[in-house]
Amino acid sequence: FALTEPNSGSDAASLRTTATKVEGGWVLNGTKMFITNGPIGSVFVVIARTDKEKKAFGISAFIVEKGFEGFSVGKELDKLGNRTSTTSELIFEDCFVPEENLLGPENMGFVIVAKLVLGWERSCLIAPAVGGIGAGMEVAAKYAQQRRQFKRPIAEFQAIQHKLADMKVAYEAGRQLIYRVASMLDQDEENLLDAAVAKEYITRTCIKSADETVQIHGGYGYMREYLVERGIRDSKLASIGGGTSEIQLSIIARALMDI
Ligand SMILES: Cc1cc2nc3c(=O)[nH]c(=O)nc-3n(C[C@H](O)[C@H](O)[C@H](O)COP(=O)(O)OP(=O)(O)OC[C@H]3O[C@@H](n4cnc5c(N)ncnc54)[C@H](O)[C@@H]3O)c2cc1C
C-alpha cells in the first residue's frame, strides 16, 4: 500500500506522484517512501494524483504489478525496529498502468484511503501491539518471580507488582478497544474516531509496557540476549505508522469539538 512520499507523510493529500491519462491507461511518475513489503511485494496499491487542480479529490488508486516497465524498487531501508518486515522506496518513471488497473472511481482514491484503508489499518494493524503488551507482561511476571534481590523474589516488591498490574490493565483495555473498532468495521460503521482513540491508547501503553518490561529485567533486559529490548524498538513504530500520534490526537480533538 503506497501512499507516503519523501515530501508528504502526515499531509498525505499533498502527494506529488502523478498519473497522466494516455490511450489505454495511465502513466505514473514519482517516488513512494517507507513502503512496507516494497522489496518483496508483487502487487502494489499506489495512490497518485490524477487532477492537479483538486487536492484530496484529485487523487486515484492504481494496482501496479512488479515487472511493469518503469517501476523499480529502491534498496531495503535499515530500521530501528520491526526488522523482520522489509521497507523500501518505490520509483515510477514513465510507468504505464493499463486502464483496468484503476482501483475504484477516478479521483476518489483519497476518499477510499481515508475512509477504508486507514480505518482498517488503524483498527487491525495495532492488534500486534496489544499482543506485545501481553507477551511482555508474561515474560516480566515470570522473570520477577525468578529474580531474587534482598533475599527475596523481586515480584514481592510493590513497585514491581504495580508495573505488572499496569500492563494487565493496558492489555485488557487495549483488547476491548480493538474488538470494538473491529466490530464496527464488521457492521460497516464509520469508525475513524474510535480507531484513532484505540490507536492512540494502545500506542502509548505498548511503548510504556515495553519500557517497563526492560526495567523489570534490570541490566539483563538491556542485553540483546534477553530479547525484551526488542519490544522498545518495535513498539515505537505504533506512534508513527498508519498516521502519527499527533495526527490521531488532532482527529480526536476535532471530533470532540465538531470542527
Ligand atoms: C516502518 C514504517 C513502515 C511504513 N509503511 C508504510 C506503507 O506501507 N505505506 C505507506 O504509504 N506509508 C508507510 N509508512 C509511512 C508512515 O505512514 C509515515 O511515516 C507517517 O504517516 C508519518 O509521515 P512522515 O514520516 O512523513 O512524518 P511527517 O508527516 O513529516 O511528521 C513529522 C512530525 O511532525 C508531526 N506533524 C505533522 N503534521 C502535523 C500536524 N498537522 N499537527 C501536529 N503534528 C504534526 C508528526 O506527527 C511527526 O511527529 C511507514 C513508515 C514506517 C516508519
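Residues numbered from 1 in each chain as written. Predicted model: local features only at pLDDT ≥ 70, side-chain atom pairs only at ≥ 80, totals over all residues. Heavy atoms only, no water.

Chemist: Account for the overall build of the protein chain, with residues named and values stated.
Modeler: Within the protein chain one finds six helices and nine strands. For the protein chain, the spread of C-alpha atoms along the three principal axes comes to 80 × 45 × 30 Å. When each of the 259 residues of the protein chain is scored for burial, the buried share is 41%. Of the contacts made within the protein chain by residues no fewer than 6 positions apart, 68% connect residues no fewer than 24 positions apart. Accessible area of the protein chain: about 14,600 Å², with a carbon and sulfur share of 56%. Here the protein chain carries 30 positive and 33 negative side-chain charges, and the mean point of each set is 10 Å from the other. (Helix = DSSP H or I, 4+ residues; strand = E, 2+ residues; numbered from the N terminus. Buried < 20%, exposed > 50% of the residue type's maximum accessible area, 1.4 Å probe, protein only. Contact = heavy atoms within 4.5 Å. Areas by Shrake-Rupley, 256 points an atom, 1.4 Å probe, with all protein chains shown as cover. Lys, Arg positive; Asp, Glu negative; His and termini not counted. Charge placed at Lys NZ, Arg CZ, Asp CG, Glu CD.)

Chemist: Give a description of the packing of helix H1 (residues 109-124) against helix H3 (residues 158-186) that names residues and reports values.
Modeler: Packing of H1 against H3 leaves a shortest axis separation of 9 Å and a crossing angle of 150 degrees. The orientation of H1 with respect to H3, classified from their angle, is roughly antiparallel. As H1 packs across H3, the resulting crossing turns out to be left-handed. Along its contact with H1, which presents Gly119, Trp120, Ser123 and Cys124, the element H3 presents Ile178, Val181 and Leu185. Within the contact of H1 with H3, the residues separate by chemical class into five nonpolar, two polar and no charged. (Axes fitted to C-alpha atoms, helices over the stretch in contact; angles between N-to-C directions. Parallel < 35°, antiparallel > 145°, perpendicular 65-115°, else oblique. Left-handed = near helix turned anticlockwise from the far one by under 90°. Nonpolar A, V, L, I, M, F, W, Y, C, P; charged D, E, K, R; others polar.)

Chemist: Summarise the environment of Val45; cite the residues concerned and give the values.
Modeler: Considering the arrangement of structural elements, one finds Val45 in strand E3 (residues 43-49). Judged by relative accessible area, which is 27%, Val45 ranks as partly exposed. In this structure the C-alpha to C-alpha distance between Val45 and Phe62, which are 17 residues apart in sequence, comes to 5.5 Å. Beyond its immediate stretch of four places on either side in the chain, Val45 contacts Phe1, Ala2, Ala61, Phe62 and Leu103.

Chemist: With reference to specific residues and values, describe the environment of Gly9.
Modeler: Within the fold, Gly9 resides in the segment before strand E1 (18-22). The partly exposed category is assigned to Gly9, whose relative accessible area is 39%. When the C-alpha atoms of Gly9 and Ala159 are compared, they prove to be 40 Å apart, with 150 residues separating the residues in sequence.

Chemist: Let's hear about the domain arrangement of the protein chain: which residues, and what values?
Modeler: When its domains are assigned, the protein chain resolves into domain 1 (12-107) and domain 2 (112-257). Contacts between the two partners involve nine residues from domain 1, matched on the other side by seven residues from domain 2. In total, about 550 Å² of surface goes out of reach between domain 1 and domain 2, with carbon and sulfur atoms giving 62% of it. Looking at the side of domain 1 facing domain 2, the largest losses of area belong to Ile47, Leu80 and Asn82, adding up to 65% of the total buried there. (Domains from an automatic or database assignment. Buried area = accessible area lost by both parts, 1.4 Å probe.)

Chemist: Pulling in residues and values, what's your account of the site of the ligand?
Modeler: Taken together, 16 residues surround the ligand, and among them Phe1, Thr4, Ser10, Thr244 and Glu246 come closest. Taking Phe1, its main chain carries an N or O atom lying 2.7 Å from a nitrogen atom of the ligand. Thr244 is positioned with one of its side-chain polar atoms (N or O) 2.6 Å from an oxygen atom of the ligand. Protein burial of the ligand: of its 970 Å² of free accessible surface, 62% is covered by the chains. Here the shell around the ligand is built from residues that sort into eight nonpolar, six polar and two charged. (Near = heavy atom within 4 Å. Polar contact = N/O pair within 3.5 Å; in protein donor to acceptor, adjacent residues only side chain to side chain.)

Chemist: With reference to specific residues and values, describe the nonpolar core.
Modeler: Looking at soluble globular proteins, one finds that nonpolar side chains tend to be buried together. One finds Ile126, Ala144, Ile154, Ile160, Leu164, Ile202 and Ile216 to be the most contacted residues of the largest nonpolar core, which totals 19 residues. Mapped onto this core, the elements with two or more residues apiece are helix H2 (127-146), H3 and helix H4 (192-222). A total of seven residues in this core trace back to one element, the largest contributor, which is H2. Of all hydrophobic cores here, the second largest spans 16 residues; its members include Val46, Phe62, Phe68 and Leu90. (Core = buried A, V, L, I, M, F, W, Y, C linked by side-chain atoms within 4.5 Å.)

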